[in-house]
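One-letter residues, chain by chain:
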Amino acid sequence: MTLSPARVPVAAPGVRRLTATLYGYSFLDEFVLLYPVYTLLFADTGLSVGQMSSLFVLWSATGVLLEVPSGAWADAVSRRLLLWLGPLLGAAGFALWVFVPSYWAFAAGFVLWGARGAMGSGALEALVYEELERLGAADRYARIMGRAQAAGQIAVMTAMALAGPVFAAYGYPAVGAASVLACLLCAATATRFPEHRGPATAVPDGEGWAASLRSGLGEARRDRSVRGALLLVPAVAAIWGALDEYTPLLARDTGAADATIPYLLVMIWAGVTAGSLLAGPAERLGRRGFAALLTASALALAAGAGAGTPAGLALVAVAFGGFQLATVLADARLQQRIEGTGRATLTSVAGLGTELATITVYGTYAQLASTTAHGTAFAVLAVPYLLVALLVAPRR
């Protein structure tokens with residue numbers, strides 16, 4: 001029998017410290033001015049499209065290989081350790097890109113960036129949930145994580161707005177230096193996370209990350225509800241997460257001028273941010289409500305993308321907001337069902353499933369877009385969400 005960690009009364013100062021650190025960490029983690037211009041850096045260095053694609057594959061492969069082992073390491077050692085170590089790897093990668101630009105420097109940077117993402121995935125969710133549980137506030141997890149993701153999305157939009165003038169005035173060195181600084185500040189912020197690993201959550205001494213991995217996977221094998229929650233996360237997160245990469249092409253297909261496309265993308269990101277902020281009010285949605293959310297979002301995506309007009313992208317923004325809300329709720333459902341010591345491990349398994357499913361969506365989209373318009377490809381990829389909604393909906 002797994003004992004629950006000792007609960008303490010709700011301590012407002014403890015929750016405030018945790019959430020303030022989380023929101024600051026989430027903002028700085030995404031406040032990278034290199035994001036909107038790094039493909040330009042690659043092109044200006046002389047890389048071909050094929051070489052760029054190989055770098056993206058290397059990035060994805062690194063995340064796939066390290067996702068689950070890093071989660072097990074977080075369970076065995078310290079979640080906070082991985083949360084401050086990861087941004088330092090990102091800082092080193094971005095410095096390589098800007099100050100010694102070459103194909104191999106870009107490749108090393110993507111490996112470091114992929115490792116950074118893998119270290120944070122699973123460790124952050126596990127730390128936040130267990131600290132909230134210790135404070136008697138686990139029921140606020142969805143609301144708090146939704147706000148944290150909104151902070152990250154605001155950071156992306158802010159970085160997009162600042163990257164243009166900074167790049168125009170000072171070039172790649174300034175954009176790169178700002179990105180490295182953001183990573184260093186993110187690492188410093190991570191050291192402020194509280195972490196209390198009690199007897200019920202710590203791995204026995206001397207057993208290491210392999211024991212964490214066995215514990216997490218064993219719980220998934222034994223508990224059907226955990227398996228279902230694990231599968232739900234990639235089923236919800238992968239498709240719209242992959243489609244986000246193609247929204248500039250969708251916007252261009254509507255006939256919008258290139259100069260207005262960034263504003264249309266900001267509108268879509270605003271929809272995603274709104275979805276994150278709605279996680280609190282929506283956290284009590286049952287299976288029927290969750291299925292309705294997926295259905296409405298899928299229909300909005302198909303209608304908005306299929307309209308072929310800039311105004312139709314407003315519906316795409318609504319759809320992405322719904323999918324983001326569903327993603328936060330799916331993660332909260334997984335955290336609520338995990339009871340053993342392998343919380344970060346199981347969350348990383350869900351992240352691995354999302355990575356693999358996302359790669360599959362990339363391939364599917366490439367096939368669809370080669371024969372149809374981008375709007376049609378978006379509409380076709382909305383259909384799987386209707387199937388997921390059908391599976392989630394309660395049976396009579």
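Residues numbered from 1 in each chain as written. Predicted model: local features only at pLDDT ≥ 70, side-chain atom pairs only at ≥ 80, totals over all residues. Heavy atoms only, no water.

## A short note on the environment of Val32
Reasoning step 1: Summarising the element assignment, Val32 is placed in the loop between α1 (12-30) and α2 (38-45).
Reasoning step 2: Separated by 62 residues in sequence, Val32 and Phe94 have C-alpha atoms that sit 9.6 Å apart.
Reasoning step 3: Leaving out residues up to four positions away in the same chain, Val32 has contacts with Phe94, Ala159 and Ser179. (Helix = DSSP H or I, 4+ residues; strand = E, 2+ residues; numbered from the N terminus. Contact = heavy atoms within 4.5 Å.)

## Points about the nonpolar core
Where a protein is soluble and globular, its nonpolar side chains tend to be buried together.
Reasoning step 1: Grouped together as the largest cluster of nonpolar side chains are 83 residues, with contacts concentrated most on Phe193, Leu294, Leu301, Phe320, Phe323 and Phe378.
Reasoning step 2: Per element, the largest residue contribution to this core is 13 residues, and it comes from helix α15 (residues 313-337).
Reasoning step 3: Ignoring anything within four residues of it in the chain, the contact list for Leu301 reads Leu243, Gly306, Val316, Ala319, Phe320, Phe323, Phe378 and Ala382.
Reasoning step 4: If you look at the next biggest cluster of nonpolar residues, it comprises 27 residues, including Leu41, Ala91, Trp97 and Ala182. (Core = buried A, V, L, I, M, F, W, Y, C linked by side-chain atoms within 4.5 Å. Buried < 20%, exposed > 50% of the residue type's maximum accessible area, 1.4 Å probe, protein only.)

## Focus on the side chain of Thr189
Reasoning step 1: Within the element layout of this structure, Thr189 appears in helix α8 (residues 172-190).
Reasoning step 2: Separated by 2.8 Å, the side chain of Thr189 and the backbone oxygen of Leu185 make a polar contact. (Polar contact = N/O pair within 3.5 Å; in protein donor to acceptor, adjacent residues only side chain to side chain.)

## Some thoughts on helix α6 (residues 123-134)
Residue pairs three or four apart in sequence face the same way in an α-helix, which turns once every 3.6 residues.
Reasoning step 1: For α6, built from 12 residues, the straight-helix expectation of 16 Å at 1.5 Å per residue is met to within 8% by its first-to-last C-alpha distance of 16 Å.
Reasoning step 2: Three or more residues of α6 are buried, namely Ala123, Leu124, Glu125, Ala126, Leu127, Val128, Tyr129, Glu130, Glu131, Leu132 and Glu133.
Reasoning step 3: Downstream of α6 by one or two residues, Gly136 has phi in the positive range, about 75°. (Expected span 1.5 Å × (residues − 1).)

## Regarding the confidence of the model for the protein
Reasoning step 1: Mean pLDDT over the protein: 84, with 88% of residues reaching 70 or higher.
Reasoning step 2: Long-range and interchain partners of residues 1-11, a stretch whose pLDDT sits below 50, account for 17 contacts in this model, where long-range means more than four residues apart.
Reasoning step 3: Contacts of residues 198-206 to residues separated by more than four positions or lying in other chains number 14 contacts, the stretch itself having pLDDT below 50. (pLDDT = per-residue confidence, 0-100.)

## Side note on the packing of aromatic side chains
Reasoning step 1: Applying the stated rule across the entire model yields 26 aromatic pairs.
Reasoning step 2: Each ring, one from Tyr38 and one from Phe42, has its centre 5.6 Å from the other, and the planes form 55°; the classification is tilted. Of this pair, Tyr38 and Phe42 are both found in helix α2, four residues apart, which corresponds to roughly one turn of the helix.
Reasoning step 3: Between Phe94 and Trp113, the ring centres sit 5.3 Å apart and the planes meet at 75°, which makes this aromatic pair edge-to-face. With a gap of 19 residues between them, Phe94 in helix α4 (residues 79-99) and Trp113 in helix α5 (residues 103-120) connect regions that are remote in the sequence.
Reasoning step 4: Members of the aromatic cluster, each reached through a chain of ring pairs, are Tyr35, Tyr38, Phe42, Trp59, Phe94, Trp97, Phe106, Phe110 and Trp113. (Phe/Tyr/Trp six-rings, centres within 6.5 Å; stacked < 30°, edge-to-face > 60°.)

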